[in-house]
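Chain by chain, the residues:
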Amino acid sequence: EGSIDYLASHHLPQDWDGKTCEFEYARSGMIGLETMFPVVNSLGLDLHRFVDMQTVQIRNIYGLPVPLIQEGEPAILTIFDPGAEFIFEKKNILSRSKNSPFIGKHLKGKVIGIINKNKICLNN
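In this text the structure is predicted, and so the values were computed from the model without any measurement.

J.: It is not clear to me how the overall build of the protein should be interpreted in this structure. Could you clarify?
T.: Helix and strand content of the protein: three helices and three strands. When the helices and strands of the protein are read in sequence order from the N terminus, they spell out α-α-α-β-β-β. Every one of the 124 residues in the protein was classed for burial, and the buried ones make up 19%. Restricting to contacts in the protein with at least 6 residues of sequence separation, those with at least 24 account for 59%. In the protein, 13 side chains carry a positive charge and 14 a negative one; their mean positions are 6 Å apart.

In structure tokens, the structure reads:
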């Protein structure tokens, strides 16, 4: 309905010592960047709305230019497969921290990679 402008992952990874202790002493935070798209996509948010929120909306709020997708402009793109289904496994986490409540969960939507600054970076 448009009441949410954009979503933030609040990526705040913690090391093993910061999480493996009594609850009241555990540091708050977890990884979020690697699961944000598949988690939101699994919830059924309209894909076009999500992409608009995370690209155009967030840039408008902070007064940043929206990159153009046209010939002669540098590519700044995220490549994803919204239909890819997978089990999120600890062994596939790229972050140095491995704490996530989504480990072992069935998710839908995978980020394949990014194109930025004349480089292509693909996830394995």
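J.: Help me out: how do you make sense of the nonpolar core in this one?
T.: Side chains of a nonpolar character, in soluble globular proteins, are inclined to be buried together. Judged by nonpolar contacts, Ile31, Val39, Phe86, Phe88, Ile93 and Leu107 together constitute the single largest core of six residues. The contact partners of Val39, leaving out residues within four places of it in the chain, are Phe102 and Leu107.

J.: Is there a simple way to explain the packing of aromatic side chains in this structure?
T.: Describing an aromatic ring pair means giving the distance of the ring centres and the angle of the ring planes. Inspection of the entire model under this criterion finds three aromatic pairs. When the centroid spacing of 5.9 Å and the interplanar angle of 35 degrees are considered together, the rings of Phe37 and Phe50 count as tilted. Separated by 13 residues along the polypeptide, Phe37 in helix H2 (residues 36–43) and Phe50 in helix H3 (residues 47–61) bring together distant segments of the chain. Residues Phe37 and Phe80 carry aromatic rings whose centres are separated by 4.9 Å and whose planes lie at 55 degrees to one another, so their mutual orientation is tilted. Of the two residues, Phe37 sits in helix H2 while Phe80 sits in strand E1 (residues 77–87), which places them 43 residues apart along the sequence. Relative accessible area serves as the criterion here: at 8%, Phe37 is assigned to the buried category. On the basis of relative accessible area, Phe80 is assigned to the partly exposed category, the value being 30%.

J.: Teacher, can you tell me more about the sheet that holds E1 here?
T.: Sheets are built from strands that pair by backbone hydrogen bonding, the pairs being arranged parallel or antiparallel. Strand order in the open sheet formed by three strands is E1-E2-E3, and the pairing between neighbours is antiparallel. At either margin of the open sheet sits one strand with a lone partner, and together these are E1 and strand E3 (119–122). Recorded for the sheet is a direction-independent mean angle of 20 degrees between the axes of neighbouring strands. Here strand E2 (residues 106–116) pairs with E3 via four bridges, running antiparallel. The residue of E3 that forms the bridge with Gly113 is Leu122. Against the sheet, H2 makes contact with E1 and E2, and its axis sits at roughly 135 degrees relative to E2, the strand it touches most.

J.: Is there a simple way to explain the pattern of salt bridges in this structure?
T.: Side chains that differ in sign of charge can pair as their charged atoms come close. Counted under the stated rule, the structure contains two salt bridges. Across the pair Asp52 and Arg49 runs a salt bridge whose closest N-O atoms are separated by 3.8 Å. Remark: Arg49 and Asp52 occur in helix H3; sequence separation between them is three residues, near one turn of the helix. Take Asp52: its relative accessible area is 29%, and that puts it in the partly exposed class. With its nearest N and O atoms 4.0 Å apart, the salt bridge here joins Lys91 to Glu89. Accessibility expressed as a relative area gives 67% for Lys91, which makes it exposed. Overall, Glu89 belongs to the partly exposed group, its relative accessible area being 36%.

Basis of the calculations
Residues numbered from 1 in each chain as written. Predicted model: local features only at pLDDT ≥ 70, side-chain atom pairs only at ≥ 80, totals over all residues. Heavy atoms only, no water. Helix = DSSP H or I, 4+ residues; strand = E, 2+ residues; numbered from the N terminus. Buried < 20%, exposed > 50% of the residue type's maximum accessible area, 1.4 Å probe, protein only. Contact = heavy atoms within 4.5 Å. Lys, Arg positive; Asp, Glu negative; His and termini not counted. Charge placed at Lys NZ, Arg CZ, Asp CG, Glu CD. Core = buried A, V, L, I, M, F, W, Y, C linked by side-chain atoms within 4.5 Å. Phe/Tyr/Trp six-rings, centres within 6.5 Å; stacked < 30°, edge-to-face > 60°. Pairing = 2+ DSSP bridges. Axes fitted to C-alpha atoms, helices over the stretch in contact; angles between N-to-C directions. Salt bridge = Lys/Arg side-chain N within 4 Å of Asp/Glu carboxyl O.

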